[in-house]
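A closer look at the structure
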Amino acid sequence: MTISEITQKIVEDFSALEEWMDKYNYLIEMGKELPLIDPALRNDNYLIRGCQSRVWINADLKDGKIFYTADSDAIITKGLAALMIRVFTGHTPEEIINADLSFIEKIGLKEHLSPTRSNGLASMIKQIKYFAMAWNLKNK
Amino acid sequence: MSEFPVGKIREDFPVLSREVYGKPLIYFDNGATTQKPVQVIEVINQFHREHNASIHRSVNFLSDTITASYEEARVTTQRFLNATKPSEIIFTSGATASINLVAFSFGETYIHPGDEVILSTLEHHSNIVPWQMMCERKGASIKVIPISDQGELDLEAFAQLFNKRTRIVAVTHVSNVLGTINPVEEIVKISHSNGVPVLIDGAQAIQHGPVDVQKIDCDFYAFSGHKVYGPTGTGVLYGKEKWLETLPPWQGGGDMIDRVTFEKTTYNELPLKFEAGTTNFIGIIGLAAALEYLKSISIKEIESYEKHIVTYASNALQQIDGLKLFGPTGHKAPVFSFILNQIHPYDTGVIIDKLGIAVRTGTHCAMPLMDRLGVDGTVRASLCFYNTTEEIDRLVEALDVVNTMLS
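Residues numbered from 1 in each chain as written. Chains lettered and ligands numbered in written order. Predicted model: local features only at pLDDT ≥ 70, side-chain atom pairs only at ≥ 80, totals over all residues.

Okay, the overall build of chain A next. Of regular secondary structure, chain A possesses 6 helices and 2 strands. Listed by position from the N terminus, the elements making up chain A come as α-α-β-β-α-α-α-α. Its C-alpha radius of gyration of 14 Å places chain A within 12% of the 14 Å reference for a compact globule of 140 residues. Its C-alpha atoms put chain A at 45 × 30 × 25 Å along the principal axes. Residues counted as buried form 34% of the 140 residues belonging to chain A. In chain A, once contacts between residues fewer than 6 apart in sequence are set aside, the share between residues at least 24 apart is 66%. (Helix = DSSP H or I, 4+ residues; strand = E, 2+ residues; numbered from the N terminus. Rg over C-alpha atoms; globule rule 2.2 N^0.38 Å. Buried ≥ 20, exposed ≤ 12 C-beta atoms within 10 Å, placed from the backbone. Contact = placed C-beta atoms within 7 Å.)

Put into structure tokens, the structure is as follows:
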């Protein structure tokens, strides 16, 4: 599936969830399936700055595609990380850099992008894209 | 306790009747900022509509009128704090600016290499960083008053921190994280017996009970307008005249000068020496309106109602399984820091926000205190006189939801 197909699917999944509580339960469940970062990498080098909860992200390149792993000490943040990884993982750096992220607003999680949230969804996306940019430069 | 008219008081605060996410707002983030009563909003509105002109500058009707109101605000503040003279009241942009002023100006005059400043473990970053910056500039160092596990200052250890290099003590009146009310009079007594002046950070105290700077006998007292139901961008520094007279200005600019030439400038008299540039004068007039408003309700009545809130909330929170409440439980301001069942404070905050309850989560600008408590952060519910026991019940219910969703 392409990134836009995945985000479309996520929008559909979320549209079935009317109550905020269902959305958050969905996120919490999703967090349980997060591809976890190697515990040895849960250190400051992989930590995303500016988050109230701690988030670590790593990326590996396999056959020209990027695969992300992550972890967080907060459950909702973990769910958000899992959501993002579901969108981005297994795609080429170029696809990741150019991905359209308007789905976040569509699924009603826009408040998590607010800079006052300090939950790091915005920082997470930035880091995910940085990895892609770095691999992209290396490939050239 | 005679019936405190909390219902009527709530009507004075327009924002309290709004909803968030379709639920009635419960505002428990008063430690971060307080809401504004119509009495303050109207004054600010009216001054912008009818009386706006720059203060202390021009010979015109409007300027004279607003200058008079600004100076009345100084008298109102002086009386609220029971300071000796209006000239001991300096208007600033907030408690942070007030503390920076003292750290800079006091530091310039009285701090030399090898000197020491005493702070406490309970301090907000605003009462740490300005001193650190000054100490770095001057080659001085900081000593810290330790706390007990209940979050109370260890006064015996405090008395041991003094030596002949101690130059100033800067301590918070009320902890923004734990609600601890520090024995400021005793702190001042101990300091003065060592010949050392004291600055009290009153940012979390001024809104919760009477403050009498003569009784406390502190040398400086700082607070913010926006935490005492006044406008944001306003603040107060009280200083004893004997100190303010000897300190050099912090910032240079208009209003603080006597005469300027390119060779030398002489400074204005107190208090204007410390009010460089155009202050937030309409905001300051709004702040005076907030203080008048509190006086009209009676700050003593507020204090006694909040005591009732402290007892009610402490009991309610302590009955929740797995809730760890930090800080003292009896004599304290209505500030409650807790962690629920080892759930990350951020997760708790996000869920109860969805239920209409505004709290703060994280380190609360007090990282050294978090280190002392051995946590990365807490959930903080900070209440005040417009909050009710029913709202506390709703918090307890919301925490039940958090438990169900996240445990």
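Turning our eyes to something else, we now look at the overall build of chain B. For chain B, the helix and strand inventory stands at 14 helices and 17 strands. The C-alpha atoms of chain B give a radius of gyration of 22 Å, which matches the 22 Å a tight globule of 407 residues would have. Projected onto its principal axes, the C-alpha positions of chain B cover 70 × 55 × 35 Å. Look at the contacts in chain B between residues 6 or more apart in sequence, and 70% of them connect residues 24 or more apart.

Once that is clear, we can look at unusual backbone geometry. Here the bond from B:L270 into B:P271 is cis, since omega is -5 degrees, no more than 30 degrees from zero. Checked against the element boundaries, B:P271 lands in the loop between β12 (265–267) and α10 (281–297). If you check the backbone angles, A:D63 has positive phi at about 50 degrees while not being a glycine. Mapped onto the elements, A:D63 comes out in the loop between β1 (55–62) and β2 (65–72). A:D63 sits in the exposed class, given 7 other C-beta atoms within 10 Å. The phi torsion at B:Y21 lies on the positive side, around 50 degrees, for a residue other than glycine.

This part takes up the packing of helix α3 (residues 61–81) of chain B against α10(B). All names here are of chain B. Relative to each other, α3 and α10 sit at 40 degrees, their axes nearing to 9 Å. For the element pair α3 / α10, the angle class is oblique. In this structure, the crossing between α3 and α10 has a hand that is left-handed. In this structure, α3 uses I66, S69, Y70, E72, A73, T76, T77 and F80 to contact α10, whose residues at the interface are F281, I284, I285, L287, A288, L291 and E292. Considering only residue class, the contact of α3 with α10 consists of 10 nonpolar, 3 polar and 2 charged. (Axes fitted to C-alpha atoms, helices over the stretch in contact; angles between N-to-C directions. Parallel < 35°, antiparallel > 145°, perpendicular 65-115°, else oblique. Left-handed = near helix turned anticlockwise from the far one by under 90°. Nonpolar A, V, L, I, M, F, W, Y, C, P; charged D, E, K, R; others polar.)

Listed per partner, the contact involves 13 residues of chain A and 12 residues of chain B. Residue assignment for the side of chain A that touches chain B shows that the elements contributing at least two residues are α2 (20–31) and α3 (75–88) of chain A. Ranked by the residues each element gives to the side of chain A that touches chain B, the list is headed by α2(A), at 4 residues. Grouping the amino acids of the side of chain A that touches chain B by side-chain chemistry returns 6 nonpolar, 6 polar and 1 charged.

Now for the pairing of strand β4 (residues 89–92) of chain B. All names here are of chain B. Alternating residues of β4 divide into I89 and F91 and I90 and T92, and every residue in both groups is buried. Here 4 bridges tie β4 to strand β10 (residues 235–239), and the two strands are oriented antiparallel to one another. Its bridge partner lying in β10, T92 is registered against G235. (Pairing = 2+ DSSP bridges.)

As a further point, take the confidence of the model for chain B. Overall, the predicted model of chain B reaches an average pLDDT of 96, with 100% of residues at or above 70. Across the predicted assembly, pTM comes out at 0.94 and ipTM at 0.89. (pLDDT = per-residue confidence, 0-100.)

Now for the domain arrangement of chain B. Residue and element names in this part refer to chain B. In terms of domains, chain B is made up of domain 1 (6–30 + 298–406) and domain 2 (41–296). Once you take the C-alpha centre of each, domain 1 and domain 2 turn out to be 28 Å apart. Of all elements in the fold, only α11 (299–318), β14 (335–340) and α13 (367–373) reach the threshold of two or more residues within the side of domain 1 that touches domain 2. The element that contributes the greatest number of residues to the side of domain 1 that touches domain 2 is α11, accounting for 5 residues. Of the residues in the side of domain 1 that touches domain 2, the class split is 13 nonpolar, 4 polar and 6 charged. (Domains from an automatic or database assignment.)

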